[in-house]
Amino acid sequence: MSLHVADPVRIGTEQLPGGRRLGWAEWGPVDGVPVLLSPGAATSRHLGFGGETMDGLGVRLISLDRPGLGASSPRPGRTFGDFADDIRAFAALRGLGRPLMVGNSQGAPFALGCAAAGVVGALALVSGADEIAAPCFADVLPGELRRLVDLAVSDPAAAEKVFAGFTPQAMWDMVMSGSPECDLAVYQQPAFAAAYRRALDEAFAQGGDGYARDTVLAMGHWGIELSDIGIPVDLWYGERDTGHSPDQGAELASRIPGAVRHLVPDAGGAVLWTHAEQMLSTLLGRAAGH
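By convention here, each chain's residues receive numbers from 1 onward along its written sequence. Per-residue local features of the predicted model are confined to residues with pLDDT of at least 70, and side-chain atom pairs are confined, for both listing and counting, to 80 or more; whole-chain, interface and lining totals are unaffected and use all residues. As a convention, hydrogens and water are excluded, and side-chain values are obtained from all of the structure's heavy atoms.

Let us look at the overall build of the protein. Only DSSP runs of H or I with at least four residues qualify as helices, and only runs of E with at least two residues qualify as strands; both kinds are numbered from the N terminus onward. A tally of helices and strands in the protein yields 12 helices and 8 strands. The C-alpha atoms of the protein give a radius of gyration of 17 Å, which matches the 19 Å a tight globule of 290 residues would have. Counting only C-alpha atoms and orienting by the principal axes, one finds that the protein spans roughly 50 × 45 × 40 Å. Burial classes follow relative accessibility: with a 1.4 Å probe on protein chains only, a residue under 20% of its type's maximum area counts as buried, one over 50% as exposed, and anything between as partly exposed. Every one of the 290 residues in the protein was classed for burial, and the buried ones make up 57%. As displayed, the protein has an accessible area near 11,400 Å², and 52% of this comes from carbon and sulfur atoms. Computed over 21 positive and 33 negative side-chain charges, the separation of the two mean positions in the protein equals 6 Å. With the radius of gyration taken over C-alpha atoms, the globule rule is written as 2.2 Å times the number of residues to the power 0.38. For accessible areas, the Shrake-Rupley method is used with a probe of radius 1.4 Å. Any residue's cover is judged against the shown protein chains and nothing else. Within this scheme the basic residues Lys and Arg register as positive and the acidic residues Asp and Glu register as negative, but His and the chain ends are omitted. To locate a charge, take atom NZ for lysine, CZ for arginine, CG for aspartate or CD for glutamate.

Pairing of aromatic rings covers Phe, Tyr and the six-membered ring of Trp, with a centre-to-centre limit of 6.5 Å; geometry is then stacked below 30 degrees between planes, edge-to-face above 60, and tilted otherwise. One pass over the structure, following the stated rule, counts 11 aromatic pairs. When the centroid spacing of 5.9 Å and the interplanar angle of 35° are considered together, the rings of Y187 and F192 count as tilted. For the pair Y187 and F192, a shared accessibility class is recorded, and that class is buried. Of the residues examined, F192 reaches a relative accessible area of 2% and is grouped as buried.

Our next topic: the environment of A116. One can find A116 in helix α3 (residues 108-116). We classify A116 as partly exposed; its relative accessible area is 28%. Along the sequence, A116 and S254 sit 138 residues apart, while their C-alpha atoms lie 15 Å from each other. The contact criterion used throughout is that any non-hydrogen atoms of two residues lie within 4.5 Å. The contact partners of A116, leaving out residues within four places of it in the chain, are I224, E225 and I229.

With that out of the way, let us pick up the nonpolar core. Grouped burial of nonpolar side chains is what soluble globular proteins tend to show. As used here, the term nonpolar core means buried Ala, Val, Leu, Ile, Met, Phe, Trp, Tyr and Cys residues forming a set that is joined through side-chain atoms within 4.5 Å. F49 and V102 are the most contacted members of the largest nonpolar core, which has 59 residues in total. Broken down by element, this core gets its largest block of residues, 7 residues, from helix α8 (residues 190-203). Beyond its immediate stretch of four places on either side in the chain, V102 contacts V35, L36, L37, S38, F49, L123, A124, V126, L272 and L283. L96, A108, C114 and I224 belong to the second-largest nonpolar core, a separate cluster that totals 37 residues.

It is at 5 Å that the axes of helix α4 (residues 143-154) and helix α5 (residues 156-163) come closest, and there the two elements cross at 130°. Between α4 and α5, the interaxial angle falls into the category oblique. Between α4 and α5, the residues in contact are L148, L151, A152, V153 and S154 and P156, A158, A159, V162 and F163, respectively. Of the residues in the contact of α4 with α5, the class split is 9 nonpolar, 1 polar and no charged. With axes taken as lines fitted to C-alpha atoms, and helix axes fitted only over the stretch in contact, angles between N-to-C directions fall between 0 and 180 degrees. Angle categories: roughly parallel below 35 degrees, roughly antiparallel above 145, roughly perpendicular from 65 to 115, and oblique for all the rest. In the scheme used here, Gly and all other residues not listed as nonpolar or charged are polar, with Ala, Val, Leu, Ile, Met, Phe, Trp, Tyr, Cys and Pro taken as nonpolar and Asp, Glu, Lys and Arg as charged.

In structure tokens form, the structure reads like this:
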């Protein structure tokens, strides 16, 4: 397997109302269909996906740094609703209309917040982090993860202090030690590993507070009205991915009206990079038919 990891073709920051900055990076034609990327845990705008497919599909992929990560200004105490407000403002400033969105891994609940707020026109959740604080998962989580979830729910401030101590190396080690062989075959390719490690370093450039806030939000009770989502939503999981959702998104899909769940054979959590064209083509088709 050989993956082309492309550097962004355009990169910058946008000043939001109130003066905060939102970092972004783009791939594909400037007049392509706008598709926003809410990246995975502790990564920055620089780690895109499917760069070699953008011109052919006519997609303008725009990856965004969440507040406190990469080039985006901090926003202490932020919520999923605050992120949706930021994306609404960003889309208006950049003239994107109601863009499509991809939410990867820990970026998934942030993308769902945007969908529930009516900010985006269609959504693909890829290896999406699930709402593991939900009661249905209480008895299936490993002990240490259960302890962290309980802490995030009962004492979010204390949980943020724990997660703020994470480093790029700690994140790399956690991913490498917890991934199946099919994912390691992606992550350990020299070009991909270099891009991934650069994204981790950039995400922690301001320290660990941005990652910590992301993680407390993702691990706690989301408070997102999933039943209000009225746009096409597709959920994509590799069949060998057991780390992002205890049931590979089955219960999550049942809570989103009309959601379609896809299980990709012989794939794991790296499915965003191994099946990029399939997922983007489906997203475009679903949006066009809505």
